[in-house]
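Spelled out from the first residue to the last, the chains are:
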Amino acid sequence: MASRVRNICCIGAGYVGGPTCAVIAAKNPEIQVTVVDLNQTRIDAWRSPSLPIYEPGLQDVVELARDGLDGRTPNLHFSTDVEGAILAADLIFISVNTPTKTVGVGAGRASDLTYVESAARQIAEVATSNKIVVEKSTVPCGTAQSLRDIFSTLGQDNVQFEVLSNPEFLAEGTAIRDLMTPDRILLGSLRTKTGLEAANALADVYAAWVPPERIINVNIGSSELAKLAANCMLAQRISSINSLSALCESEGADISELAYAVGLDERIGPKFLKASVGFGGSCFKKDVLNLVYMAESRHLTEVANYWRAVVDINEYQKERFTKRIIRQLNNTLNQKKIAVLGYAYKKDTGDTRESAAITVIGQMISENARVHIYDPKVKESQIKQDLSAEHRPETIDRCVTVCNDPYTACDKAAAVVILTEWDYFKTDGLILPPALFEKLSIKDPENPRLKRTSTSSSDTPSEGTGSSTEGSQHIKVHDSPLTSPGSPAEPANASKVMQNQSSEDRIDWARLSRIVRRPRLVFDGRNVVDRLKLEALDFHVSCIGKASTPSRHQ
């Protein structure tokens, strides 16, 4: 077994394998890193200026290692020659898809390990020298033992395989940051001499940039379960705050204030307490259901029921949000134009897997609505592919239009529905003229946010910011400390409140107020807009976990 890794192969050029190996290559110029995949189109995209996935910072990292931009020798390669990469590698990451089974035992819950098993078989049949094989995919407990069985059965007698578990803890939208400054690097291995040597060899790869105290060696079972447990507990927090958002709406409470108050308790903390239309992405639902299946297969019924409820609440939240839209539109969406802003499951990614938008838009299609969608990163082909799983192509063509800008999507729309928290949709750059400020002050004279703050004409933004140019004074509506950057309710890197934004940075809500049909309904499924500001523009706003703006529809 190699004591020092010189050549790495990663099987799978997806959301995990590509970014992970790009960072490893960038930080280890002496190691040759080859990412392989059978999909020629995907490999061609990784070799091109237009990468197959969008992730902030990824382009720079890939170009550094792939193209040798700093004068270094390129050491990041993308190929379809799987066998050649396996033969050359000291260490092999298995980073393939592990979807939920659709047929057979455990269908709808258990992980389908077809691609993992296929990769392991190919490694065993091709390898002629000792290999360290690393589980990078999210897998159920016991997968490492299954891989060892495959290697012992199919591998050559003189070839030794050591299997490690090295789960990823990346969040889409911040994957490069997560890779560059990880909370922890978990290495699961057998407690044998060769197992620990293999773990140390992989630890040396990460040690090129990760502090040694963050590289943790545990047994393989703990490592395999840790990834599932982490995702399940994050999903649980989201479902918990979403369940409370329903109570807030019925009791007249504000979920943002509730989350802020609860998050101040250091035992709980503020993260993942953002109420929304529901979680999405490739991991949360899949991993929770995988844990449910594991509990069921071990006859832990109560444990299975507990975790199943996390997914049930998520589905309930999406359905509840859609019913709220239908109710406020006189209980019918038939032939009504609905503008949807955002389709990706979260901001700063083009990933749509398990996006709440798929469910919400699907229910609108079932109501025969005319849905016009705008998302800055998701392609029309991806949207129609997602929706075709539940609807016929002719139905999608009739009911769904994908727009290149938000203004086309919103023109003459009966309602605007926000389903992704893109910064572009925020209202933090909106500055109100005095007339609208007075209107708000009369409506809510005790509101501490409605203090006058004059801005000089030199600070007055252009029309693109959504402001009137009438007069030389404009009024800032003071943003609540509960949603200002750095508070427990908002990420520390959020955009500064009340900055004057150019038209490229923020949508022009004033322009939307002139083109959306009265009564100008906005349904904010991500709580990204300031309802007070939009009320000044005569919008009627419904947010998650907050009472709706009074209107003739209520």
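Going by the annotation in an unreviewed UniProt entry, the name recorded for the protein is UDP-glucose 6-dehydrogenase, with Salinomyces thailandicus given as the source organism. Entered under Sequence similarities (unreviewed entry) in the UniProt record, the comment concerning the protein runs "Belongs to the UDP-glucose/GDP-mannose dehydrogenase family." In UniProt, the protein has this text filed under Pathway (unreviewed entry): "Nucleotide-sugar biosynthesis; UDP-alpha-D-glucuronate biosynthesis; UDP-alpha-D-glucuronate from UDP-alpha-D-glucose: step 1/1."

Engineer: I'd like a rundown of the side chain of aspartate 287, residues and numbers included.
Structural biologist: Turning to its location among the elements, aspartate 287 is positioned in helix H11 (residues 284–297). Once residues lying within four places of it in the same chain are set aside, the contact partners of aspartate 287 are Thr138, Lys227, Leu228, Asn231 and Cys232.

Engineer: Go over the pairing of strand E10 (residues 370–374), please, and point to the residues and values.
Structural biologist: Within E10, 5 of the 5 residues are buried, leaving the element largely enclosed by the surrounding structure. Residue alternation in E10 divides its side chains into two sets, Arg370, His372 and Tyr374 and Val371 and Ile373, and both sets are buried. Both strand E9 (residues 337–341) and E10 contribute to a ladder of 5 bridges, which runs parallel. Each bridged residue has a counterpart across the sheet, and for lysine 337 the counterpart in E10 is arginine 370.

Engineer: Any chance you could break down the pattern of salt bridges for me, citing the residues and the numbers?
Structural biologist: Enumeration over the complete set of coordinates arrives at 28 salt bridges. With a closest N to O distance of 4.0 Å, aspartate 183 and arginine 184 form a salt bridge. Taking relative accessible area as the criterion, aspartate 183 reaches 62% and is therefore assigned exposed. Glutamate 319 serves as the salt-bridge partner of lysine 323, at 3.1 Å between the closest nitrogen and oxygen.

Engineer: Quick one: what's the story with the sheet that holds E9, residue by residue and with numbers?
Structural biologist: In space, the 6 strands of this open sheet follow the order E11-E10-E9-E12-E15-E16, with parallel pairing throughout. Each edge of the open sheet carries a strand with a single partner, namely strand E11 (400–402) and strand E16 (540–543). Recorded for the sheet is a direction-independent mean angle of 20° between the axes of neighbouring strands. Pairing analysis gives 4 bridges linking strand E12 (residues 415–418) to strand E15 (residues 521–524), with the strands arranged parallel. Bridge pairing in E15 places valine 416 opposite valine 522.

Engineer: Give a detailed account of the state of the cysteines, specifying residues and quantitative values.
Structural biologist: Simply put, disulfide is the name for a covalent bond between the sulfur atoms of two cysteines. Scanning the model with the defined rule gives 0 disulfides in all. Cysteine cysteine 9 remains unbridged, with the sulfur of cysteine 10 as its closest cysteine sulfur at 7.0 Å.

Engineer: Pulling in residues and values, what's your account of the confidence of the model for the protein?
Structural biologist: For the protein, the average pLDDT comes to 89, and 87% of its residues sit at 70 or higher. Across residues 454–473 the pLDDT falls below 50, and counting only partners more than four positions away or on other chains, this stretch makes 33 contacts in the model. Counting contacts from residues 479–503, a segment whose pLDDT is below 50, to residues more than four positions away or on other chains yields 55 contacts.

Engineer: Which residues make up the nonpolar core, and what are the values?
Structural biologist: Among the nonpolar cores identified, the biggest contains 69 residues, and Ile361, Met364 and Trp509 are the most heavily contacted of them. The contact partners of methionine 364, leaving out residues within four places of it in the chain, are Ile325, Leu333, Ile338, Val340, Ala369, Val371 and Val417. Core analysis: the next-biggest nonpolar cluster, separate from the first, contains 42 residues, Val35, Ala65, Ala201 and Leu202 among them.

What counts, and where the lines are drawn
- Residues numbered from 1 in each chain as written.
- Predicted model: local features only at pLDDT ≥ 70, side-chain atom pairs only at ≥ 80, totals over all residues.
- Heavy atoms only, no water.
- UniProt positions renumbered as here; feature names shortened; annotations may be inferred.
- Helix = DSSP H or I, 4+ residues; strand = E, 2+ residues; numbered from the N terminus.
- Contact = heavy atoms within 4.5 Å.
- Buried < 20%, exposed > 50% of the residue type's maximum accessible area, 1.4 Å probe, protein only.
- Pairing = 2+ DSSP bridges.
- Salt bridge = Lys/Arg side-chain N within 4 Å of Asp/Glu carboxyl O.
- Axes fitted to C-alpha atoms, helices over the stretch in contact; angles between N-to-C directions.
- Disulfide = S-S within 2.5 Å.
- pLDDT = per-residue confidence, 0-100.
- Core = buried A, V, L, I, M, F, W, Y, C linked by side-chain atoms within 4.5 Å.

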